[in-house]
Amino acid sequence: MTPSVFRYAGGDFAETVIARASGSYVYDRSDRAILDFTSGQMSSILGHSHPEIVAVVRESIARLDHVHSSFLSDDVIAFTGALAALVPDPLEKVLPLSTGAESNEAALRMAKAATGGFEVVAFDRAWHGMTGGAASMTYSGGRRGYGPTLPGALVLPTPDAYRSPFAAGERYDWQAELDFGFELIDRQSVGALAAVIAEPVLSSGGIVELPQGYLTALQLKCTERGMLLILDEAQTGMGRTGTLFAFEREGVVPDVLCLSKTLGAGLPLSATLTSAELEQRCFERGYLFYTTHAADPLPAAVGSKVVEIVVRDRLAERARELGGYMKALLGELQQRHECIGDVRGRGLLLGVELVEDRQSKRPARELGLAVARRSLELGASLNISRRQVANIFRIAPPLTVSREEIDSAITILDQAITECAGRPGPG
Ligand SMILES: Cc1ncc(COP(=O)(O)O)c(C=O)c1O
């Protein structure tokens, strides 16, 4: 069907070809509407083709499209200022880039330049991107078959309350798990620890929320060792989880913050933010990281508009409210379907884990694929994360989604599970 497209992700292209998109929907060639509950690639927080974004792109491409990286533009000055005003102190310096992986590469180089170390710790189910450094810190896919990763890549167990060996029934001793993880790190380290890089909600790792208190404890581990805390809010930033940034729930401000995906609301825009002090230290040590599109005016103009709309339309609050509503609906589904082992996440970033049965918690792999396929036929695009090892639906509609659209998507999911599982659960 698409003979010229390189199969970049295991060849799992949907049969549906998308012709256009608007609001919470994508449309196929026959103009059939499909609810987009993945926000494109977890990015389109304003829905597709938001009229104000369309206007900015039109105006921008005609006025100032692209410049040499040594030139600043008013668009970039305005965008970095708007973003700096949005984040808490001491974050105030913004490096504008294009992709999530790039924002993490820039952060890793900042940590190395600032600390003089090179060892970086990441969760064993993290996804930070496919470029060299970011891929070295990525464990939830794409690891085998590409030769050596960066020296100094160390792992910390993902604190998964549903599956951790440190969890027993309702009790989950995540602090013991974190302590154990750092004991191993300290033993492996060659004395050059630079940073921890973490997603506040591991998304590709299966919608795993860091337990309440975990970030504070993690920051303490970093401080004790002179490491920087890098938070990768590619998917959680800009209101997705019910606060502007997921780290706000605990008031833990990272040393370096990486934003992408949601920042451009569907356009390629990312940013790496840090304090003036760290920026100065990096500068003095000859920090270098730039790309062809660093500080491009067009995506920067889009970024300013995204910031404006997210704040003006109180989209974080909206995500909190609608996320609570959708989570309650998913909880009801869980009551009726034995195969739903867990419902988790916060705001409009929710996970539904399918299992063969709730005792064994064995992943219901075939079932998940069938449910995703059937949902698409019925008119909702729902994505599975960790599909090689588990079956976790990652449900993340645009923050502009309506209650009626949520109702429709959940009805479709309900029907798809009922049909594919053969029978509803015990109830
Ligand atoms: C948390 C996180 N960080 C980084 C990335 C990489 O972003 P990109 O694909 O834009 O390089 C992703 C992509 O899925 C992600 O989920």
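Everything below is about the structure printed above this text.
Calculation criteria
Residues numbered from 1 in each chain as written. Predicted model: local features only at pLDDT ≥ 70, side-chain atom pairs only at ≥ 80, totals over all residues. Heavy atoms only, no water. Pairing = 2+ DSSP bridges. Helix = DSSP H or I, 4+ residues; strand = E, 2+ residues; numbered from the N terminus. Axes fitted to C-alpha atoms, helices over the stretch in contact; angles between N-to-C directions. Contact = heavy atoms within 4.5 Å. Buried < 20%, exposed > 50% of the residue type's maximum accessible area, 1.4 Å probe, protein only. Core = buried A, V, L, I, M, F, W, Y, C linked by side-chain atoms within 4.5 Å. Polar contact = N/O pair within 3.5 Å; in protein donor to acceptor, adjacent residues only side chain to side chain. Near = heavy atom within 4 Å. Areas by Shrake-Rupley, 256 points an atom, 1.4 Å probe, with all protein chains shown as cover. Nonpolar A, V, L, I, M, F, W, Y, C, P; charged D, E, K, R; others polar.

Peer 1: Outline the sheet that holds strand β9 (residues 193-198), listing residues and values.
Peer 2: Read across the open sheet, the seven strands follow the order β4-β14-β13-β12-β9-β5-β6; overall the sheet is mixed. Looking along the sheet, the strands with just one partner apiece sit at the ends: β4 (91-97) and β6 (153-156). Averaged over neighbouring strand pairs, the angle between their axes works out to 20 degrees when direction is ignored. Summarising the sheet, strand β5 (residues 119-123) and β6 pair through four bridges and their orientation is parallel. What sits directly across from alanine 122, in β6, is valine 155. Sitting on the sheet, helix α3 (residues 74-86) touches β4, β13 (256-259) and β14 (270-275), and the angle it makes with β4 is about 135 degrees. Its contacts with the sheet put helix α8 (residues 276-284) on β4, β12 (228-232) and β14, and the angle it makes with β14 is roughly 100 degrees.

Peer 1: With reference to specific residues and values, describe the sheet that holds strand β19 (residues 392-395).
Peer 2: Through backbone hydrogen bonds, the strands of a sheet pair up, either in parallel or in antiparallel fashion. Reading across the sheet, the four strands line up as β15-β16-β19-β18 and stay open at both edges, with antiparallel pairing between neighbours. The sheet terminates laterally at β15 (340-346) and β18 (383-385), the two strands that pair on one side only. Across this sheet, the average inter-strand angle for adjacent strands is 30 degrees, counted without regard to direction. Where β15 lies against strand β16 (residues 349-354), six bridges are found, and the strand directions are antiparallel. Paired with valine 343 across the two strands is valine 352, which belongs to β16.

Peer 1: Would you mind going over unusual backbone geometry in detail, with residue names and values included?
Peer 2: With an omega dihedral of 5 degrees, the bond running from aspartate 89 to proline 90 counts as a cis peptide bond. Positive phi, close to 65 degrees, is recorded for aspartate 31, a residue that is not glycine. With respect to the helices and strands, aspartate 31 occurs in the loop between β2 (25-28) and β3 (33-36). With phi around 65 degrees, methionine 238 is a residue other than glycine that occupies positive phi space. We classify methionine 238 as buried; its relative accessible area is 0%.

Peer 1: Can you explain the nonpolar core? Please cite residues and give values.
Peer 2: Soluble globular proteins: nonpolar side chains tend toward being buried together. Within the largest apolar cluster, 113 residues are counted, with the highest numbers of intra-cluster contacts made by Leu83, Leu218 and Leu330. The element best represented in this core is helix α9 (residues 297-312), accounting for eight residues. In terms of nonpolar packing, the next biggest core, distinct from the first, is built from five residues, Met42, Val201, Leu349 and Ala396 among them.

Peer 1: Got a sec to walk through the environment of threonine 400? Specific residues and values, please.
Peer 2: On the secondary structure map, threonine 400 appears in the loop between β19 and α12 (403-421). A relative accessible area of 31% places threonine 400 in the partly exposed class. Linking threonine 400 and serine 44, residues 356 residues apart in sequence, is a C-alpha distance of 9.5 Å. Within the structure, the side chain of threonine 400 is placed 3.5 Å from the backbone nitrogen of glycine 47, a separation counted as a polar contact.

Peer 1: Residues and numbers for the site of the ligand, please.
Peer 2: Lining the immediate environment of the ligand, one finds Thr99, Gly100, Ala101, Asn104, Trp127, His128, Gly129, Glu199, Asp232, Ala234, Gln235 and Lys261. Expressed as a share of its isolated accessible area of 390 Å², the protein-covered part of the ligand is 81%. Here the shell around the ligand gets three residues from one element, more than from any other, and that element is helix α4 (residues 100-115). Residues belonging to the shell around the ligand are distributed by class as follows: three nonpolar, six polar and three charged.

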